[in-house]
Amino acid sequence: MLLFRRMKDDGHGQPACGPSARTLGVRQEGDIAISEDEKVEPGTGGMSVAIDTPQNLPEHRRPPEHAGWGPDPVWQIDEADLPATLTFRRDPDDPSRHGFVEPMGIMSLDEYQEALATSRGFWRRT
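Figured I'd write up the structure that's included with this text. These numbers come from a predicted model, not from an experiment.

Time to look at the nonpolar core. Ranked by internal contacts, the top residues of the largest apolar core, which has 21 residues, are Met 47, Val 101, Tyr 112 and Trp 123. No other element matches the four residues that helix α1 (residues 109–118) contributes to this core. Apart from residues no more than four positions distant in its own chain, Tyr 112 is found in contact with Val 26, Ile 32, Val 40, Gly 46, Met 47, Leu 86, Val 101, Glu 102, Pro 103 and Met 107.

Encoded structure:
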C-alpha cells in the first residue's frame, strides 16, 4: 500500500526531518502519546499519512499540482519499505483515507524520531 505525506524538501531531493507537521517526524504534543519517561508505543498515534492517493490529504496540505494550495511537495512510500522498527496502522476514525506510521514496539521518543528519519531514502516525491 502506498502512503503519502506532504513534507518540505531538504534541498537535496529528500524530505526534511524534524519534529513538525511539515517534516519527516512527529510533534512532541498531539501526534503520539508520550509517557512520563519519554517512551512511545504502537496504537497511540504517530506520523500522519494519507492512504492510496495524495487526494486523501486535506486540501491545505496538497500543493497546487495535487489540486490543493499547500506550499510543500507530496512524498510517497510503499508500506513494505518502512524499516522494521516502524509499522503502519489505519486510523480507526477514517480507515479508508488516513493512517499513522507508528513505532513497532515501545521505544524512546528520540529512537522513534530516528526510526522515521531512517526511512527518508525510501520516500519519493510525487
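Across the sheet, which stays open at both edges, the six strands sit in the order β5-β6-β3-β1-β4-β8 with antiparallel pairing between neighbours. The strands lining the two open edges of the sheet, one partner per strand, are β5 (86–90) and β8 (124–125). For strand β4 (residues 74–78) and β8, the ladder comprises two bridges, and the chain directions are antiparallel. Paired with Gln 76 across the strands is Arg 124, a residue of β8. The strands that α1 touches are β3 (47–51), β5 and β6 (98–103); relative to β6, the one it contacts most, it runs at about 115°.

What follows concerns the pairing of strand β1 (residues 2–6). Counting buried positions over the five residues of β1 gives four, a clear majority of the element. For β1 and β4, the ladder comprises five bridges, and the chain directions are antiparallel. In the sheet register, Leu 3 faces β4, and the bridge partner there is Ile 77.

Within the span of α1, buried status applies to Leu 109, Tyr 112, Gln 113, Ala 115, Leu 116 and Ala 117. Lining the buried residues of α1 we find β2 (39–40), β3, β5, β6 and β7 (107–108).

Take the layout of surface pockets next. The calculated volume of the largest pocket comes to roughly 290 Å³. If you trace the largest pocket, you find 18 residues lining it, with Arg 5, Ser 48, Val 49, Arg 61 and His 98 closest to the centre. When residues of the lining of the largest pocket are traced back to their parent elements, those giving at least two are β1 and β3. Here the lining of the largest pocket gets four residues from one element, more than from any other, and that element is β3. Class assignment for the residues of the lining of the largest pocket results in seven nonpolar, four polar and seven charged.

Glancing now at the side chain of Arg 5. One can find Arg 5 in strand β1. Although Arg 5 is buried, it forms no salt bridge, and the closest oppositely charged side chain is Asp 31 at an N-O distance of 5.6 Å. Reaching out from Arg 5, the side chain makes a polar contact with the backbone oxygen of Gly 25 at a distance of 3.4 Å.

Here Glu 102 is to be found in strand β6. Residue Glu 102 is classed as buried on the basis of its relative accessible area, which comes to 1%. A polar side-chain atom of Glu 102 sits 2.8 Å from a polar atom in the side chain of Arg 89.

What counts and how
- Residues numbered from 1 in each chain as written.
- Predicted model: local features only at pLDDT ≥ 70, side-chain atom pairs only at ≥ 80, totals over all residues.
- Heavy atoms only, no water.
- Core = buried A, V, L, I, M, F, W, Y, C linked by side-chain atoms within 4.5 Å.
- Buried < 20%, exposed > 50% of the residue type's maximum accessible area, 1.4 Å probe, protein only.
- Helix = DSSP H or I, 4+ residues; strand = E, 2+ residues; numbered from the N terminus.
- Contact = heavy atoms within 4.5 Å.
- Pairing = 2+ DSSP bridges.
- Axes fitted to C-alpha atoms, helices over the stretch in contact; angles between N-to-C directions.
- 1 Å grid on protein atoms, 1.4 Å probe; cavity = no way out; pocket = protein on both sides within 12 Å on 5 of 7 lines; lining within 4 Å.
- Points joined across faces, edges and corners; volume = space filled by probe spheres on them.
- Nonpolar A, V, L, I, M, F, W, Y, C, P; charged D, E, K, R; others polar.
- Lys, Arg positive; Asp, Glu negative; His and termini not counted.
- Salt bridge = Lys/Arg side-chain N within 4 Å of Asp/Glu carboxyl O.
- Polar contact = N/O pair within 3.5 Å; in protein donor to acceptor, adjacent residues only side chain to side chain.

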